[in-house]
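Overview (structure and organization)
Next come the chains, spelled out residue by residue.
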Amino acid sequence: MKKATSTGVKPILLVEDEKELANEIKIELERLGYLVRMASIAEAADAARVGDPAMMIMDRMVFGEDSLNTLEALRKEGVKVPVLVISALSSIDERVRGLKAGGDDYLAKPFAMMEFVARVEALMRRLDDVRTTKLRVGDLEMDLIEQTVHRGDTKIDLLPREFKLLEYFLRHPGQVITRAMLLEEVWQYHFSLETNVVDVHISNLRKKIDARGVPSLIVNIRGAGFMLSANA
Amino acid sequence: MLEFFRSSAVRVALAFVFVTTVATTAVFGLVYLQIREANGARNRLILEDEAAKSVNQSIDELRYAFKVRMTHDLRRLDYAALFGADRKILFGNIDVLPAIPLDGKSHYVTASRVPGGDNRLEPAIFVARARPDGTILLLGRSMLESLAFRRIVVSALATGLAPMLLLALAIGAFFARRATQRLTTIHDTIALIMKGDTHLRLPVRPRNDTIDKISRDVNLMLDEIMRLLVQIKGVSDNIAHDLRSPLAVVHAQLERGLESPDDDELRAVARQALTHIDKAMLTISALLRLADVEYGPKSSKFRSIDLSAICTDLFEFYEPLATSKSIHMSLETQSPVQILGDGDLMREAVSNLIGNAIKFTPENGTVSVSVTRENGRPIVRVRDNGIGVEPGERDKIFQRFYRTVSGHRVPGSGLGLSIASAIANLHDFDLRFDDNDPGAVFEMAGRRK
């Protein structure tokens, strides 16, 4: 663990030259209880080197400069702070370039604030790459080595894709997970869909993992996506 | 003036003048050398031959022969003399023995005294030979004639070359000027077109030379660009319209909400407004996506991908959705069907087709996906027995924002098939519609190479 700064709370650094968007982002994240600091790309890089920020949100193009170059340099120096790249460049090639340069996630503009917040939360609560072999929420347990799932004493048979889907939820308990995140992470589909296929998959998964008479472990979050309720 | 010399036509003209000069000079030079060589060589042989014959003649015979020789030599080009062993002249028309070896071979002497007393000096060839009685025979021939001839050649070159140079320059300048004038016209026209006079075209004459051909091509290109511009204008009108509708609705809703005294009402209205804005953002994202595929650089990520694997993957992805609508979905694949392409894009294209098929097929219908290779062409077919496409609409469904009359109420951006079609095109595939009677077949087939 890195040492916390004197205030005890590490800020989220926001590198974004579109003032109005930056403001909205700041207000929304502060509403959720995060400390947000606007920074230029150079300030952000300096702060990241001393391990100050909790994470960085970088616009791909800031004042005409490609911030990926700075990000790449930081990663080469071994800076590990989570980075979310937001960009008006939406093609898959650009996305791949963003991730290759060291971005942990890449979100194309225009995005819904819900989607954005979900990405930020996912990165903020990312587990420090602990090689867990078992994931558990309530009495639902997944064994990653055996590739088995149990609810209490009952073994649950899942198709391979359902297993991956549940694993993603179990790795992000209590977090809002959007349809786009599931498409990208579980199916590796990097395009938007006009149908509600993901909902059908979730509903099928629910039928398998939920116990009779108790509320579902995976709840719908209106207008955003889903959440595996952590305190079940 | 500098401009003039910089034009390529002028440079061609100057090069033409230069080449002509070199060629002419070379021809004259060759003539000059040939004359000199032919004249000299022939005279030398004759002299050597005569000298050899005269060695054994008696002195009297020689004296007679010389006399005859000089009588016939009206132009005074011949030299003949006999010298004693002491190199004093005995008789003949030249009184000093030139400084050449007495070997019977011809030698070129640049300046010898002319016979006849005046002190002119001329070039000549001499043969000297020692006779058995100790006397020395000298025969020679003046090269004055040959020299004069060579002088004529040189002066002809000098007097001929200058007018020819001027003529070539004049002709070159004339053509250069004409070409420059035409190029200037073309240049000015292009400048005007760039300034916005898009109806202007480059002049084309019936003569049909290279410049005319290029002008014609440029004109065709301008026509095509104008056609595309009009088309793009149509598309942007569509975009504007498609975005204005939801924005107008949002505007009205927010106004209504703000005027309402009820907070819950405002909240409800704001929520509705969000839905419409989401729809507009979906449209914008789809448009950007389409632009990426259509105008972006051809993906550098093209590699060998398996269409069978992609379709199997998508089949498994969509089957639960089909099942939830009680649609029977089937998949038919052979062994791997490898093509060169971008897996992410192909997945998106096929996903659009399958998603559409499920969207436009009612409950208890069927959707089938097949991947085959027919006559070497890779083909993906997505077949359904849903509402299909009316005959009058079949050529419009690939246009941006086109929504069929019957499918208008099904949600969507109206860009899915445009994107699929653009992706197919990027992969040298054709995406086409066929009637399934009832329903639709969308066939994406690799073009014949």
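Note on numbering: residues in each chain are counted from 1, in written sequence order. Key to labels: chains lettered from A, ligands numbered from 1, both in the order written. Totals for whole chains, interfaces and linings use all residues, but because this is a predicted model, local features are given only for residues with pLDDT of at least 70 and pairs of side-chain atoms are given and counted only at 80 or more.

A look at helix 4 (residues 144-195) of chain B
Between the first and last C-alpha of helix 4 of chain B there are 74 Å, a value that for 52 residues agrees with the 76 Å anticipated at 1.5 Å per step. Bend angle per residue: angle between axes fitted to the 7 residues ending at that residue and the 7 residues starting there. Secondary structure counts use DSSP, requiring at least four H or I residues in a row for a helix and at least two E residues in a row for a strand, with both numbered from the N terminus. Taken as a whole, helix 4 of chain B carries its principal kink of about 25° at L161(B); the proline P163(B) stands between one and four residues after it. One less than the number of residues in a helix, times 1.5 Å, gives the span that helix is expected to have.

Remarks on the interface of chain A and chain B
The interface is formed by 19 residues belonging to chain A together with 28 residues belonging to chain B. If you list the elements that add at least two residues to the side of chain A that touches chain B, you get helix 4 (92-100) and helix 8 (197-209) of chain A. The element best represented in the side of chain A that touches chain B is helix 8 of chain A, accounting for four residues. In this description, any two residues whose backbone-derived C-beta atoms lie within 7 Å of each other are considered to be in contact.

So, the sheet that holds strand 11 (residues 429-435) of chain B
The strands making up a sheet associate through backbone hydrogen bonding, with each pair oriented either parallel or antiparallel. Residues and elements named next belong to chain B. For two strands to count as paired, DSSP must find a minimum of two bridges between them. If you walk across this open sheet you meet the five strands as 7-9-10-12-11, and the pairing is mixed. In the strand order of this sheet, the two ends are held by strand 7 (328-333) and strand 11, each with one partner. Each strand of the sheet is rotated relative to its neighbour by a mean of 15°, with strand direction disregarded. Alignment of strand 11 against strand 12 (residues 440-446), held across seven bridges, turns out to be antiparallel. Note on strand 12: the bridge partner recorded for R432 is E443. Between the N-to-C directions of two axes lies an angle of 0 to 180 degrees, each axis being a line fitted to C-alpha atoms and, for a helix, fitted only over the stretch in contact. Where helix 7 (residues 307-324) meets the sheet, it contacts strand 7, strand 9 (366-374) and strand 10 (377-384), and its direction lies at approximately 170° from that of strand 7. Running over the sheet, helix 8 (residues 343-359) touches strand 9, strand 10 and strand 12 and is turned about 20° from strand 10.

Topic: helix 1 (residues 19-31) of chain A
A rise of 1.5 Å per residue sets the reference length of helix 1 of chain A, with its 13 residues, at 18 Å; its end C-alpha atoms lie 18 Å apart and thus fit the reference within 8%. Immediately beyond the C-terminal end of helix 1 of chain A, within one or two residues, lies G33(A), with a positive phi of roughly 100°.

So, the nonpolar core
Counting residues in each nonpolar core, the largest one holds 101 residues, and the members touching the most others are M56(A) and Y318(B). In terms of residues, this core owes the most to one element, helix 7 of chain B, which gives nine residues. When near neighbours in sequence (up to four residues on either side) are disregarded, Y318(B) contacts V197(A), M329(B), I354(B) and I358(B). Buried Ala, Val, Leu, Ile, Met, Phe, Trp, Tyr and Cys residues form a nonpolar core when they are connected through C-beta atoms within 7 Å. Partly exposed residues are those whose C-beta has more than 12 but fewer than 20 other C-beta atoms within 10 Å; 20 or more makes a residue buried and 12 or fewer makes it exposed, with C-beta atoms placed from the backbone.

What about the confidence of the model for chain B?
Per-chain confidence: chain B averages 83 in pLDDT, with 92% of residues scoring 70 or above. On the interface metric, ipTM, the complex scores 0.82, and its pTM is 0.64. Confidence scores here are pLDDT values: one per residue, from the predictor, ranging 0 to 100.

Brief notes about the sheet that holds strand 6 (residues 83-87) of chain A
Residues and elements named next belong to chain A. Strand order in the open sheet made by the five strands is 2-1-3-6-7, with parallel pairing throughout. Edge positions in the open sheet fall to strand 2 (36-38) and strand 7 (105-108), since each of these has one partner strand only. For this sheet, the mean inter-axis angle between neighbouring strands, taken without regard to orientation, is 20°. Relative to strand 3 (residues 55-59), strand 1 (residues 12-15) is paired through four bridges, and the arrangement is parallel. If you follow I12 over to strand 3, its bridge partner there is M55.

Here's the deal with the environment of E94(A)
All names here are of chain A. Looking at the element boundaries, E94 is found in helix 4. Given 19 C-beta atoms within 10 Å, E94 falls into the partly exposed group. It is 9.6 Å that separates the C-alpha atoms of E94 and A108, two residues lying 14 residues apart in sequence. With near-sequence residues (within four places) excluded, E94 lies in contact with S87 and L89.

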